[in-house]
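Below are the chains, spelled out letter by letter.
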Amino acid sequence: MRPAVIDDPLVLDANAVAGDLREIMGVEITTYVARCAHCGNRDALGTLRAWTHGPGIVLRCVICSEVVIRWVRHPDGPRVDMRGAAFLQPGGSPR
Amino acid sequence: MKSATAATEPGPAEAPQPEPLRWQVGTVTAIRPQTDRVSSFTLTLPSWRPHRAGQHYDVRLTAEDGYRAQRSYSIASAPEAHGEVELGIERIPDGEVSPYFHDVLVEGDLVEARGPIGGYFVWEPGINGPLLLVGGGSGVVPLMAMLRARRAAADRTPALLLYSSRTIEDVIYRAELDALGTEPGGPTVVHTLTREQPPGWDGFDRRIDESMLAAVLDRIGGAVADPLVYVCGPTLLVEAVANGLTALGLPPARIRTERFGPTS
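About the thresholds
- Along each chain, residue indices are assigned from 1 in the same order as the chain's sequence is written.
- Note on labels: chains are lettered from A, ligands numbered from 1, in written order.
- Two thresholds apply to this predicted model, a pLDDT of at least 70 for residue-level local features and 80 or more for giving and counting side-chain atom pairs, whereas whole-chain, interface and lining totals are computed over all residues.
- Think of the side-chain values as coming from all heavy atoms in the structure, minus any hydrogens and water.
- By definition, any uninterrupted DSSP run of H or I lasting at least four residues is a helix, any uninterrupted run of E lasting at least two residues is a strand, and each is numbered from the N terminus.
- When a residue's accessible area, from a 1.4 Å probe over protein chains only, is under 20% of the maximum for its type it is buried; when over 50% it is exposed; and in between it is partly exposed.
- Residue contacts are counted whenever heavy atoms from the two residues lie within 4.5 Å of one another.
- Lining residues are those with an atom within 4 Å of a point, where the points come from a 1 Å grid over the protein atoms alone and group into cavities, where a 1.4 Å probe fits but cannot get out, or pockets, open sets with protein on both sides within 12 Å along at least five of seven lines.
- Grid points are joined across faces, edges and corners, and a volume is the space filled by probe spheres set on the points.
- Pairing between two strands requires that DSSP report at least two bridges joining them.
- Every helix has an expected span of 1.5 Å times one less than the residues it contains.
- Computed with a 1.4 Å rolling probe, the buried area is the accessible surface lost when two parts are put together, summed over both parts.
- Counted as salt bridges are all cases of a side-chain nitrogen of Lys or Arg within 4 Å of a carboxyl oxygen of Asp or Glu.
- Counting of polar contacts relies on pairs of N or O atoms within 3.5 Å, with two restrictions inside protein: one atom must be capable of donating a hydrogen and the other of accepting it, and residues adjacent in sequence are counted only when both atoms are side-chain atoms.
- Side-chain classes follow a simple rule in which Ala, Val, Leu, Ile, Met, Phe, Trp, Tyr, Cys and Pro form the nonpolar group, Asp, Glu, Lys and Arg form the charged group, and the remainder, Gly included, forms the polar group.
- Side-chain rings of Phe, Tyr and Trp (the six-membered ring for Trp) are treated as a pair once their centres are within 6.5 Å; stacked means planes under 30 degrees apart, edge-to-face means over 60, and tilted covers the remaining angles.
- Distance and angle both matter: a charge sits over a ring if NZ of Lys or CZ of Arg is within 6 Å of the ring centre and within 35 degrees of the ring normal.

A. Structural view of the environment of arginine 70 of chain A. Residues and elements named next belong to chain A. If you trace the backbone, arginine 70 turns up in strand β6 (residues 67-72). What makes arginine 70 partly exposed here is its relative accessible area of 36%. For arginine 70 and valine 58, which are twelve residues apart along the polypeptide, the C-alpha to C-alpha distance reads 4.4 Å. Sequence-distant contacts of arginine 70, defined by excluding residues within four places in its chain, comprise Ile57, Val58, Arg79, Val80, Asp81 and Arg83.

B. Here's a closer look at empty space enclosed by the protein. All names here are of chain A. As enumerated under the stated definition, the model contains one cavity of 30 Å³ or more in all. Computed from the structure, the largest cavity encloses a volume of approximately 60 Å³. Breaking the lining of the largest cavity down by element, the ones donating at least two residues are β2 (33-36) and β3 (42-44).

C. A look at the pairing of strand β2 (residues 38-44) of chain B. Residues and elements named next belong to chain B. Burial runs high along β2: six of the seven residues are buried. As paired strands, β2 and strand β5 (residues 84-90) are joined by seven bridges and run antiparallel to one another. The partner of threonine 44 across the bridge, within β5, is glutamate 84.

D. Spatial organisation of helix α6 (residues 235-247) of chain B. Relative to the 18 Å expected for 13 residues at 1.5 Å per residue, α6 of chain B spans 18 Å between its end C-alpha atoms, a close match to the ideal helical length. Count one or two residues on from α6 of chain B and you reach glycine 249 of chain B, which has phi positive near 105 degrees.

E. Representation of the interface of chain B and chain A. The partner chain A presents 29 residues to the 30 residues of chain B that form the contact. Between chain B and chain A, a total of about 2,100 Å² is buried, with carbon and sulfur atoms accounting for 52% of that surface. It is Tyr120, Glu239 and Arg259 of chain B in chain B that bury the most area against chain A; as a group they hold 25% of the surface buried on that side. Here chain B and chain A share three salt bridges between them. Of the charged contacts in the structure, one is a salt bridge between arginine 114 of chain B and glutamate 23 of chain A, with a shortest N-O distance of 2.6 Å. Applying the counting criterion to the chain B and chain A interface returns 13 residue pairs in polar contact (both at pLDDT 80 or more). Residue assignment for the side of chain B that touches chain A shows that the elements contributing at least two residues are β3 (56-62), β4 (68-74), β6 (110-117), α6 and β11 (255-259) of chain B. The element best represented in the side of chain B that touches chain A is α6 of chain B, accounting for six residues. Per-class residue counts for the side of chain B that touches chain A are 13 nonpolar, ten polar and seven charged.

F. Summary view of the packing of aromatic side chains. Within the structure shown, the criterion is met by three aromatic pairs over all chains. Geometrically, the ring pair formed by phenylalanine 41 of chain B and phenylalanine 101 of chain B is edge-to-face, given 5.1 Å between the ring centres and 85 degrees between the ring planes. One end of the pair, phenylalanine 41 of chain B, is in strand β2; the other, phenylalanine 101 of chain B, is in helix α2 (residues 98-103), and 60 residues separate them in sequence. Phenylalanine 41 of chain B sits in the buried class, given a relative accessible area of 1%. Measuring from centroid to centroid gives 5.4 Å for phenylalanine 121 of chain B and tyrosine 230 of chain B, while their planes differ by 85 degrees, and the two rings are edge-to-face. Here phenylalanine 121 of chain B is found in the loop between β6 and β7 (131-136), whereas its partner tyrosine 230 of chain B is found in strand β10 (residues 228-233), with 109 residues between them in sequence. Neither phenylalanine 121 of chain B nor tyrosine 230 of chain B differs from the other in exposure class; each is buried. A connected cluster of aromatic rings, assembled from ring pairs, spans Phe41, Tyr73 and Phe101 of chain B. Between the NZ or CZ atom of arginine 60 of chain A and the centre of the ring of tryptophan 51 of chain A, over which it lies, the distance is 5.4 Å. Sitting above the plane of the tryptophan 23 of chain B ring, arginine 60 of chain B keeps its charged end 4.2 Å from the centroid.

Following this line, the structure appears as structure tokens:
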């Protein structure tokens, strides 16, 4: 499977939001393997495509472009929606 | 007598707790212009922690009314520079943070920063496979950290940097790259100048394309040498390079990317 072609110049890698992820999760998780709940692709979480210019942060699968993880800031703390991740695997190797 | 297993494998209760990533106030101790648009800012940090080549720091500015703007900037310094960190920052004309760094900050000023951050776009000496680095504009900053780390460790992994700039004046770390490229065991440094070339220029003179990638790939042994690739720069450049290398037969898992967003 090849990564979907991106023609949006604003798109970043999830690595770019590693600081916010670490703040929310308490640990560095961009090296964890994430399995996309939509297409089953497995790769390091840091490879997900990041949309960072909206009110929340959206991380999408590199293969099928579906949402894997997203979060918003709230006065009571962040709200993280991880329904798009079938699992996260600390220390896993991609593919 | 304790068993060897008990001595070497701490149980969950003894596992080290991750250190929280805290914002700290750093002091700007040096500002060095690299090009018209890019300067190196050295921050001295009270809670400095060792970093790995390719990592970044988050920097944030807070206005008097509490409004905050935050950006990530790549570390250029080699990992052994204790107590301080050198960030390479390009001035984005409409930016919220970088114009403050370039136009307002002076040595001795304080800024909030947290890091080092990121475990994915990281290279360490000894990682297997020849090293292919491809950078566009200020995307060369984390790649410079990798080349500096490679030199500091006397690592002899074959390495090649393909670096795209608009003009020769826009080449960041130009003198250092020239010196590195001529050292014994140093990396091969290949420039492409996309907008304007000096008289007598015999290097590449166009945007990075598949045939250019094929040419540099050949110089480090081709796809069969299974190079490990780091690509950093504007999003569309990174996209073109990653797709081009995949088309040339490199597995996507060997291509690590760091997209910077739109070109300025």
